[in-house]
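Listed here are the chains, written in short residue letters.
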Amino acid sequence: MKQYLCPAFVFGVLTIVQSQAHADQGDWLVRIRALDIQPRNQSDPIPALGVPANAITLNNKWAPEIDLSYFLLHNIALELILTYPQRHDVSLNGAKIGTAKHLPPTLTVQYHFIPDGKFRPYLGAGINYTHFSDVNLSVPGVGQLDMGRSSWGGALQAGFDVEVGNNKFINFDVKKIYIGSDVKLAATDATVSHVRLDPVVFGVGFGWKF
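Our subject in this report is the structure included herewith. (Residues numbered from 1 in each chain as written. Predicted model: local features only at pLDDT ≥ 70, side-chain atom pairs only at ≥ 80, totals over all residues. Heavy atoms only, no water.)

## So, a nonpolar patch on the surface
A cluster of nonpolar residues, W28, I32, I66, L68, L80, L82, L107, I127, W152, W208 and F210, forms a patch on the protein surface that exposes about 1,000 Å² of accessible area. Of all the elements in the fold, those that place two or more residues in the nonpolar patch are β1 (28-38), β4 (61-71) and β5 (76-82). (Patch = residues over 30% accessible without salt bridge, like charges linked within 9 Å, V, L, I, M, F, W, Y side chains within 5 Å. Areas by Shrake-Rupley, 256 points an atom, 1.4 Å probe, with all protein chains shown as cover. Salt bridge = Lys/Arg side-chain N within 4 Å of Asp/Glu carboxyl O. Helix = DSSP H or I, 4+ residues; strand = E, 2+ residues; numbered from the N terminus.)

Here it is in structure tokens:
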């Protein structure tokens, strides 16, 4: 009995897994979101200048975002999150000392719990690369400051899509992105502090599935 039941059982399980795996394989989901970027704003103190911890801050900011999701399997998707370089005001002890831009493309792997439902929650995790540019910082009595140009870090994500039409969705999403950079004296390239932006990013948008 076992000799015949075991192969039949295994074949049945593999058939179910295969049918599920290819249900939505190859589908694309494109979303456009409005983002509320809220940096964590932690920084090391600068004792030589009398600057306390967490004195270097970047402002919160609204920004547009486009993301592209590709379904590898029925429940598994890759999402590439894109925007254009965002300019932030940089402050020291509450006083503005200049501006800097950052470009933070992020790639996540998502698990979609109910990919065929009207309400479609998901969780994601991945990696972020941030490029800093157009750094223009100056502190009276100290001089020009600079920042490291690149940052690698993790990213966590949770959200859900709500179907509002044929392959059309409203999307709500929140991400935690880990971003850090050294702050340097421009004249000597000496590191004087390290900032951890680590923003929480809230998003709302509209999506189309193809």
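## Here we look at the pairing of β5
Where burial is concerned, the two faces of β5 differ: the one with A77, E79 and I81 is buried and the one with I76, L78, L80 and L82 is not. Examined bridge by bridge, β4 and β5 share 6 bridges and lie antiparallel to one another. The residue of β5 that forms the bridge with Y70 is L78. Relative to strand β8 (residues 106-112), β5 runs antiparallel, the two sharing 6 bridges. Paired with I81 across the bridge in β8 is T106. (Buried < 20%, exposed > 50% of the residue type's maximum accessible area, 1.4 Å probe, protein only. Pairing = 2+ DSSP bridges.)

## Here's the deal with unusual backbone geometry
Even without being a glycine, N93 presents a positive backbone phi close to 55°. The topology assignment puts N93 in the loop between β6 (86-92) and β7 (95-103). We classify N93 as exposed; its relative accessible area is 51%. Despite not being glycine, D134 has its phi angle at roughly 50°, a positive value. Tracing the chain through its elements places D134 in strand β9 (residues 119-139).

## Structural notes on the pairing of β1
Looking along a regular strand, one sees the side chains alternate between the two faces of the sheet. Note: β1 against β4, 10 bridges, orientation antiparallel. Opposite L29, over in β4, you have S69 as the bridge partner. Where β1 meets strand β15 (residues 200-209), 10 bridges bridge the pair, whose relative direction is antiparallel. Counterpart to A34 in the pairing with β15 is V204.

## Description of the nonpolar core
V90, L92, I97, L137 and M147 are the most contacted members of the largest nonpolar core, which has 25 residues in total. Here this core takes 4 residues from β9, the largest share from any one element. Setting aside chain neighbours within four positions, we find V90 in contact with I56, T57, L58, A95, K96, I97, G98, T99, A100 and L137. (Core = buried A, V, L, I, M, F, W, Y, C linked by side-chain atoms within 4.5 Å. Contact = heavy atoms within 4.5 Å.)

## As for empty space enclosed by the protein
With the rule as written, the count across this model stands at 5 cavities of 30 Å³ or more. Empty space within the largest cavity amounts to approximately 150 Å³. Around the largest cavity, the lining comprises 17 residues; the ones closest to its centre are L35, I37, T83, P104 and I177. Counting residues per element, the ones that place at least two in the lining of the largest cavity are β1, β4, β5 and β12 (168-177). When residues of the lining of the largest cavity are assigned to their parent elements, the largest contribution, 3 residues, is made by β4. Tallied by class, residues from the lining of the largest cavity come to 11 nonpolar, 4 polar and 2 charged. (1 Å grid on protein atoms, 1.4 Å probe; cavity = no way out; pocket = protein on both sides within 12 Å on 5 of 7 lines; lining within 4 Å. Points joined across faces, edges and corners; volume = space filled by probe spheres on them. Nonpolar A, V, L, I, M, F, W, Y, C, P; charged D, E, K, R; others polar.)

## With respect to the packing of aromatic side chains
Under the criterion given, the structure shown has 6 aromatic pairs. Taking the centre distance of 5.1 Å and the plane angle of 80° together, the rings of Y111 and F113 count as edge-to-face. Both rings, one in Y129 and one in W152, keep their centres 4.8 Å apart while their planes meet at 50°; by these two values the pair is tilted. Placement of Y129 in strand β9 and of W152 in strand β11 (residues 150-165) is noted, with a sequence separation of 23 residues between them. Among the aromatic side chains, those forming a connected cluster through ring pairs are F119, F160 and F172. Above the face of the Y178 ring, K176 is positioned so that its terminal group lies 5.8 Å from the ring centre. (Phe/Tyr/Trp six-rings, centres within 6.5 Å; stacked < 30°, edge-to-face > 60°. Lys NZ or Arg CZ within 6 Å of the ring centre and 35° of its normal.)

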